[in-house]
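Residues per chain, in single letters:
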Amino acid sequence: MVRYDIKCLRCGEKLPVKTWVWRHDKDNGTLSITYRGLEKHELNELLLKEYMDIRRYINILPVSLKYLNIAPIGFTPIINKKFRGVSVFFKLDYLLPSGSFKDRGALVSIAKAKELRIKRIIEDSSGNAGVAFSLYSLLYNIEANIFIPADAPSGKKALLKSLNARLHEVQGSREEVNRAAIDFERRSRGAYVGHWWNPFFIEGVKTLAYEIHEQLGLDKVDSIIVPTSSGSLLLGVFKGIMELKSMGEISNIPKLIAVQASGYARLCYELGYGMGAEKSKLADGLRIVEPPRIGEMVLAVRETKGTCYHVIDEEVTEGLKRLWSMGFLVEPTSAVVYAALKKAISEKVVEKGENVVIILTGSGAKMLDKVLSIVRT
Ligand SMILES: Cc1ncc(COP(=O)(O)O)c(C=O)c1O
Ligand SMILES: [Zn+2]
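In this text, all values refer to a predicted model and were calculated from it rather than measured experimentally.

How each quantity is defined
- Residues numbered from 1 in each chain as written.
- Chains lettered and ligands numbered in written order.
- Predicted model: local features only at pLDDT ≥ 70, side-chain atom pairs only at ≥ 80, totals over all residues.
- Heavy atoms only, no water.
- Helix = DSSP H or I, 4+ residues; strand = E, 2+ residues; numbered from the N terminus.
- Rg over C-alpha atoms; globule rule 2.2 N^0.38 Å.
- Buried < 20%, exposed > 50% of the residue type's maximum accessible area, 1.4 Å probe, protein only.
- Contact = heavy atoms within 4.5 Å.
- Areas by Shrake-Rupley, 256 points an atom, 1.4 Å probe, with all protein chains shown as cover.
- Lys, Arg positive; Asp, Glu negative; His and termini not counted.
- Charge placed at Lys NZ, Arg CZ, Asp CG, Glu CD.
- Near = heavy atom within 4 Å.
- Polar contact = N/O pair within 3.5 Å; in protein donor to acceptor, adjacent residues only side chain to side chain.
- Nonpolar A, V, L, I, M, F, W, Y, C, P; charged D, E, K, R; others polar.
- Disulfide = S-S within 2.5 Å.
- Donors = N, O, S within 2.8 Å, 3.2 Å for Na, K, Ca; no water.

Visitor: Is there a simple way to think about the overall build of the chain in this case?
Guide: The helix and strand tally for the chain stands at 13 helices and 13 strands. Computed over the C-alpha atoms, the radius of gyration of the chain is 19 Å, within 12% of the 21 Å expected from 2.2 N^0.38 for a compact globule of 377 residues. Over its C-alpha atoms, taken along the principal directions, the chain stretches across nearly 50 × 50 × 40 Å. Put simply, the chain has 377 residues, and 61% of those count as buried. Looking at the chain alone, contacts between residues at least 24 apart form 70% of all its contacts between residues at least 6 apart. Only carbon and sulfur atoms are counted for the fraction: they give 50% of the accessible area of the chain, which is about 15000 Å². Where the 54 positive side-chain charges of the chain centre and where its 43 negative ones centre are 2 Å apart.

Visitor: Explain unusual backbone geometry here, please?
Guide: Most peptide bonds take the trans configuration, and most residues that are not glycine carry a negative phi. Even without glycine at this site, Phe75 takes up a positive phi of about 50°. Topologically, Phe75 is positioned in the loop between α1 (43-46) and β4 (78-83). A relative accessible area of 18% means that Phe75 is categorised as buried. For Asn164, which is not a glycine, the phi torsion comes out positive at approximately 70°. Within the fold, Asn164 resides in the loop between α4 (154-162) and β8 (166-170).

Visitor: It is not clear to me how the site of ligand 1 should be interpreted in this structure. Could you clarify?
Guide: Around ligand 1 lies a shell of 16 residues, among which Lys102, Asn128, Ser229, Ser232 and Thr361 are the nearest. Lys102 places a polar side-chain atom, nitrogen or oxygen, 2.9 Å from an oxygen atom of ligand 1. A distance of 2.8 Å separates an oxygen atom of ligand 1 from a polar side-chain atom of Ser230. Coverage of ligand 1 by the protein amounts to 96% of the 390 Å² it exposes when considered alone. Looking at the shell around ligand 1 residue by residue, the classes come out as four nonpolar, 10 polar and two charged.

Visitor: Sorry, what's going on with the state of the cysteines here?
Guide: Here, disulfide denotes a covalent bond that connects the sulfur atoms of two cysteines. This structure, assessed with the given rule, holds one disulfide. The disulfide bridge from Cys268 ends at Cys308, spanning 2.2 Å between sulfur atoms. One quick way to see it: the torsion about the S-S bond of Cys268 and Cys308 is about -75°, and its sign makes the bridge left-handed. Remark: Cys308 occurs in strand β12 (residues 307-311) and Cys268 occurs in helix α9 (residues 266-270); sequence separation between them is 40 residues. With relative accessibility at 0%, the residue Cys268 sits in the buried group. With relative accessibility at 3%, the residue Cys308 sits in the buried group.

Visitor: What should I look at first to understand the coordination of the zinc ion (ligand 2) in this one?
Guide: By definition of the ideal shapes, four donors in a tetrahedron about a metal sit 109.5 degrees apart, and six donors in an octahedron sit 90 or 180 degrees apart. The protein atoms that coordinate the zinc ion (ligand 2) are Cys8 (SG), Cys11 (SG), His24 (ND1), Asp27 (OD) and Asp27 (OD), at distances of 2.1 to 2.6 Å. Donor residues for the zinc ion (ligand 2), ordered by position in the chain, follow C-x2-C-x12-H-x2-D. Of the two residues, Cys11 is situated in the loop between β1 (4-8) and β2 (14-15) and His24 in the loop between β2 and β3 (31-35); the sequence distance between them amounts to 13 residues. Since its relative accessible area comes to 41%, Cys11 is described here as partly exposed. Take His24: its relative accessible area is 6%, and that puts it in the buried class.

Visitor: Got a minute to help me understand the side chain of His195 in this structure?
Guide: Here His195 shows up in the loop between β9 (191-192) and α6 (199-205). What makes His195 buried here is its relative accessible area of 4%. Those residues in contact with His195, other than ones at most four positions away along the chain, are Lys102, Glu123, Asp124, Ser125, Ala129, Arg174, Phe201, Ser230 and Ser232.

This is the structure in structure tokens:
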């Protein structure tokens, strides 16, 4: 791997790379990983071409190859369809082993935890991140402590338990669940790996941008549509694009179009588009209103000349039905992208003849009853 630093984005201080860090304790700053002299390299010389999975990018990941061999995921397919004169490329990340894009971030985080000889991780999520962390913890023989809201669906709890996760149920909002998980880290000798903060998670997710570049060529991609809540997906894709740019690999920067759930749209709000009055019930994976990386998220949208949309349940329902009819068996949270595409075309953020990538982030298989009750109506 190219040597890297972990830096606090608030004060710029460098943090140790030989111990697990997820936040700068001194000032609560979020952390970012930067590779030394990346701009002097060409992508071509950094790739491990014998692999068509995440190991291909080992030189630009903060973990050694040995620790990715256990579960070398990646290279999800892209399917192209025409929609109202626009060429849409669907990136099928819901096909990753635990059923969402979160596998990328969870795998790199767990592999790093293994490298640092960590035996217990702590994460807060009732949904896809919890399942992804539990799955890779199982594969890497690490104890997973997952903090979830007490009212999380029983099916999700059963799934997490089947993956040997230790469940901690917390009464209260999603933010209270987060605080409980962070408190537990102080009391137990575990590592908090929560995707809201953890910089290794973003490193895993950035491989999405590298794959899209290798599969399509980012120079011809005009926009990328990403469902957004804590921002790990948005920031991962943004980081990948900016690294490719710094290597001179691309000259164009696609617009990042973030999509949020109405009523929980903190990023849209910060950008001046409001939160949305109706509170979405269907987009259950997009309910974070205090993302710690909000400043970075605003920057990612602004720097790429992108935008942000919030979507109501009626639009989620329509999106889910349309995507299923195209053969994309995604979950409601993931289906918000359809309404965003329509809005972007009608507002001419996306124009006829352009190429748009849509990340399909989560599988409908984990909540089949709910999904079928929507798509059958
Ligand atoms: C299916 C799906 N898509 C998108 C997101 C949003 O990701 P992030 O929290 O990284 O913004 C989530 C988050 O849970 C999700 O489960
Ligand atoms: Zn700091």
